[in-house]
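Topology and contacts: notes
Each chain is listed here by its residues.
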Amino acid sequence: MIIKNGNLVLKDEILEGADIKIEGDKIVEIGYALSGGEEYDATGKYVLPGLVDIHTHGGFGGDFMDEDIEDYENALKFHSSSGTTSLLTSSVTAPVKSIEFMVKRTREYMKKTDICRVLGAHIEGPYISYKNKGAQKAEFLRVPSKDSYDFILDNSDVIKNVTISTELPGAVEMTKALKEKGIVVSGGHDDGRSDTIYPCIEAGLSNCTHWYCAMSTARVEEGKRYAGLMEIGLTDERLTLELLADNHHIIPELLKVAYKCKGADKLCIVSDCLRAGGMPRDGRVYTLGMKDDEEATKFIVSDGVARLTDGTRFAGSIQPLSQMLRNIVENGIPLVDATKMASLTPAKVIGMEKEIGSLEKGKLADIYIADENL
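A brief report on the enclosed structure follows. Since the structure is predicted, the reported quantities are computational estimates derived from the model, not experimental observations. (Residues numbered from 1 in each chain as written. Predicted model: local features only at pLDDT ≥ 70, side-chain atom pairs only at ≥ 80, totals over all residues. Heavy atoms only, no water.)

1. Structural notes on helix α5 (residues 194-203)
Our working rule: The classification of residues rests on relative accessible area computed with a 1.4 Å probe and restricted to protein chains. Under 20% of the type maximum is buried, over 50% is exposed, and intermediate values are partly exposed. Helix numbering and strand numbering both begin at the N terminus, where a helix is a DSSP run of H or I of at least 4 residues and a strand a DSSP run of E of at least 2. The contact rule is simple, with two residues in contact once any of their heavy atoms fall within 4.5 Å.
Of all the residues in α5, the buried ones are Ser194, Thr196, Ile197, Cys200, Ile201 and Ala203. Where α5 is buried, its residues contact α4 (171-180), β15 (224-226) and α6 (229-235).

Below you can see the structure in the form of structure tokens.
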């Protein structure tokens, strides 16, 4: 197959009116006036690498923690229909048995590619702080020094990323153990400060979960000022940052701060999308996490964002990556860099950049075609 005459968004440039030749599931040639095989005319359209979402919970009414297979697949369909071709399924803070169920289901779908490429799982909690737990359930929080995380280590074939809070006792040891298993360790939902954050970075922490959201910041304690993960995330070159770029969690001014400090190679946009993505916005109440859990956190959608039912805080987004890509382009990020932030950089964060994330010969032909308005 050949995609003809498209504006190809490569990792460093845009090739106008160019072609991509595909054989099997791989890109075999990029150039002009290519021939051979079925053709798709992409004249006037942007041809981008399939988007890579390393932090998302659901969509089309489904959450990846739901027991019903239809709900799980609905979530995949929401993201696939919006240009995301690869993703990590994200858990919420919940009983370990519920997280293990999600991991088991994800393992099954890592073998399938008929809806969306499932790369593995992201465990968001339960090893996070009480102060910045956000919409997560406090009663299921755990502490690394006293609560086993063997269930994570035992599922390292599926679990690719884990969010932890650096100030928790045992966080450094947990970071080392996860790193040794090849799992990415992300700081977030934390109440850390520089004297707890840097030791975890030295131990292998390399990413920040939805920067600026539910995250520690500079403060004075014991007569001394400490930096938080917000500031260290911006200034430490060892860290990549996730941006929840829905124009609510990350507003244009914060986007510009992050972009100026880190650049596209260190920034990845994530949807953090909940089951309400693609659903009616009529004030109905939705569940965060497993649908049938009567004790789970509830949220509503208002003004284009999910909020707790009491309106006190955001619960997550309802947008796919393709909408966030449009957001950041409209807010001044060049298309080449914006595309990198939605594809190649997240692929790099989880060590998949040799297979996906950019339009290059030899990579998987995961491709997203958009009109001139993206």
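The structure having been displayed, the exposition proceeds.
2. Considering the packing of helix α8 (residues 321-330) against helix α9 (residues 335-342)
For clarity, the cut-off: Axes, fitted as lines to C-alpha atoms, cover a helix only where it is in contact. Angles between the N-to-C directions of the axes lie from 0 to 180 degrees. When describing relative orientation, an angle under 35 degrees is termed roughly parallel and one over 145 degrees roughly antiparallel, while 65 to 115 degrees is termed roughly perpendicular and anything else oblique. Handedness of each helix crossing follows the sense of rotation of the near helix against the far helix: counterclockwise by less than a right angle gives left-handed, clockwise gives right-handed. By the convention adopted, Pro, Cys, Tyr, Trp, Phe, Met, Ile, Leu, Val and Ala count as nonpolar, Lys, Arg, Asp and Glu as charged, and the other residues, Gly among them, as polar.
Where α8 contacts α9, the two axes come as close as 10 Å, and the packing angle between them is 150°. Between α8 and α9, the angle falls in the class roughly antiparallel. α8 and α9 meet at a crossing whose hand is right-handed. Contacts from Leu321, Leu325, Ile328 and Val329 of α8 reach α9 at Leu335, Ala338, Thr339, Met341 and Ala342. Its residues assigned to classes, the contact of α8 with α9 shows 8 nonpolar, 1 polar and no charged.

3. Regarding the packing of aromatic side chains
Applied cut-off: To pair, rings of Phe, Tyr and Trp, with the six-membered ring standing in for Trp, must have centres within 6.5 Å; the planes then decide the type, stacked if under 30 degrees apart, edge-to-face if over 60, and tilted in the middle. By definition here, charges over rings are those cases where NZ of Lys or CZ of Arg is within 6 Å of the ring centre and within 35 degrees of the ring normal.
Enumeration over the complete set of coordinates arrives at 6 aromatic pairs. Aromatic pair phenylalanine 64 and tyrosine 72: ring centres 5.1 Å apart, planes at 70°, arrangement edge-to-face. For the pair phenylalanine 64 and tyrosine 72, a shared accessibility class is recorded, and that class is buried. Centre to centre, the rings of tyrosine 72 and tyrosine 109 are 4.8 Å apart; their planes meet at 35°, and the pair counts as tilted. Taken as a pair, tyrosine 72 in helix α1 (residues 69-80) and tyrosine 109 in helix α2 (residues 96-109) lie far apart in primary sequence, 37 residues in all. For tyrosine 72, a relative accessible area of 0% corresponds to the buried category. Through a chain of ring-to-ring contacts, the aromatic side chains of Phe64, Tyr72 and Tyr109 assemble into a single cluster. Lying over the aromatic face of tyrosine 130, lysine 133 brings its terminal NZ or CZ to 4.2 Å of the ring centre.

4. Comments concerning the side chain of serine 343
Tracing the backbone through its elements, the reader meets serine 343 in the loop between α9 and α10 (344-349). Residue serine 343 is classed as buried on the basis of its relative accessible area, which comes to 1%. Excluding anything up to four places from it in sequence, serine 343 contacts Pro49, Gly50, Val52 and Gly357.

5. With respect to the sheet that holds strand β21 (residues 314-316)
Note the following rule: When DSSP finds at least two bridges between two strands, those strands are taken to pair.
An order of β18-β19-β20-β21 is seen for the 4 strands of this open sheet, with the pairing classed as antiparallel. Single-partner strands in this sheet number two, and they are β18 (285-287) and β21. Averaged over all neighbouring strand pairs, the angle between strand axes comes to 50°, with direction disregarded. Here strand β19 (residues 298-302) runs beside strand β20 (residues 305-308); their pairing, made up of 4 bridges, is antiparallel. From the neighbouring strand, serine 302 faces β20, where its bridge partner is valine 305.

6. Looking at the packing of α4 against α5
In the contact formed by α4 and α5, the axes pass within 8 Å of each other and the chain directions differ by 20°. On the basis of the axis angle, α4 is roughly parallel to α5. Crossing angle aside, the handedness with which α4 passes α5 is right-handed. Mapping the contact onto sequence places Ala171, Val172, Thr175, Lys176 and Lys179 in α4 and Pro199, Cys200 and Ala203 in α5. Across the contact of α4 with α5, the residue classes tally to 5 nonpolar, 1 polar and 2 charged.

7. Things to note about the state of the cysteines
Heads up, the rule is: The definition used for a disulfide is geometric: two cysteine sulfur atoms within 2.5 Å.
In this structure the tally under the stated criterion is 0 disulfides. Here cysteine 261 stays unpaired: no disulfide links it, and the sulfur of cysteine 208, its closest cysteine neighbor, is 12 Å away.

This is a description of form; function is not addressed.
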